[in-house]
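# Fold and contact review
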Amino acid sequence: MEQWIHKIMEAYGYLGISLLIALENLFPPIPSEVILTFGGFMTTTTTLTIFGVVVAATVGSVIGAICLYGIGRLLSAERMEGIVTRYGKVLRLKPADIHKAEAWFKRYGAWAVLLGRVVPLVRSLISIPAGSARMNFFSFLLLTTIGSLVWNVVLVYVGAIVGSSWDTFLAYMDLYSNIVYAIIALGLLVMGFLFVRYRVLKRG
């Protein structure tokens, strides 16, 4: 997949970056870390600029997020879970991924849209519960843009700084992603335990 991403970015420049980031929002398995850090590296070897890459990536992020927000408004949580259950292998998603995003939104409310943009996997899916909850669109757009901008600036700058060693940085991003996934999974387990405990005590 990484070679395919590199070819598109090298062939289409800013447009390719926007397209890939938009797709990354719709299909989370496409790694934004690769797109953004390689985009940063390209600013040291091509005519692309850091500002241009950040803008292109942010535009793509917002477009992808708006699409998922619209899906969230149209589909109930149950229907969305059914789609993921049925087509999860194609989308490379699991119902648990949807649950993680929903739990994140319920816990942090509108701020989840801002905070979620710097959390792997959640950064893409958080738009769905925001749409389902009928979050004010302009607030959603503002927080999504800010959160996406922060994520994009950091990774593009890192790619530019580390230069040809940008792929080494991805190993650290993988570690970060795994830690985040573990924390989210642990949080869901704790919430499930507390919920069951509450029901048992209520019956008693």
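Residues numbered from 1 in each chain as written. Predicted model: local features only at pLDDT ≥ 70, side-chain atom pairs only at ≥ 80, totals over all residues. Heavy atoms only, no water.

### Observations concerning the overall build of the chain
The secondary structure content of the chain amounts to 10 helices and 0 strands. Secondary structure elements in the chain, listed N-terminal to C-terminal, are α-α-α-α-α-α-α-α-α-α. Just so you have it, the chain exposes about 11100 Å², and 69% of that area is on carbon and sulfur atoms. (Helix = DSSP H or I, 4+ residues; strand = E, 2+ residues; numbered from the N terminus. Areas by Shrake-Rupley, 256 points an atom, 1.4 Å probe, with all protein chains shown as cover.)

### Here we look at the side chain of Thr43
In this fold, Thr43 is placed in the loop between helix H2 (32-42) and helix H3 (50-74). In this structure the side chain of Thr43 is engaged in a polar contact, spanning 2.4 Å, whose partner is the backbone oxygen of Gly40. When near neighbours in sequence (up to four residues on either side) are disregarded, Thr43 contacts Leu48, Thr49, Ile50, Val53 and Ala160. (Polar contact = N/O pair within 3.5 Å; in protein donor to acceptor, adjacent residues only side chain to side chain. Contact = heavy atoms within 4.5 Å.)

### Thoughts on unusual backbone geometry
Excluding glycine, residues mostly carry a negative phi; peptide bonds, for their part, are mostly trans. Phi is positive for Arg134, close to 55°, though the residue is something other than glycine. Examined against the element boundaries, Arg134 turns out to sit in the loop between helix H8 (127-132) and helix H9 (137-162). On the basis of relative accessible area, Arg134 is assigned to the partly exposed category, the value being 46%. (Buried < 20%, exposed > 50% of the residue type's maximum accessible area, 1.4 Å probe, protein only.)

### Observations concerning the environment of Glu24
In this fold, Glu24 is placed in helix H1 (residues 2-26). Taking the relative accessible area as the measure of exposure, Glu24 reaches 3% and is therefore buried.

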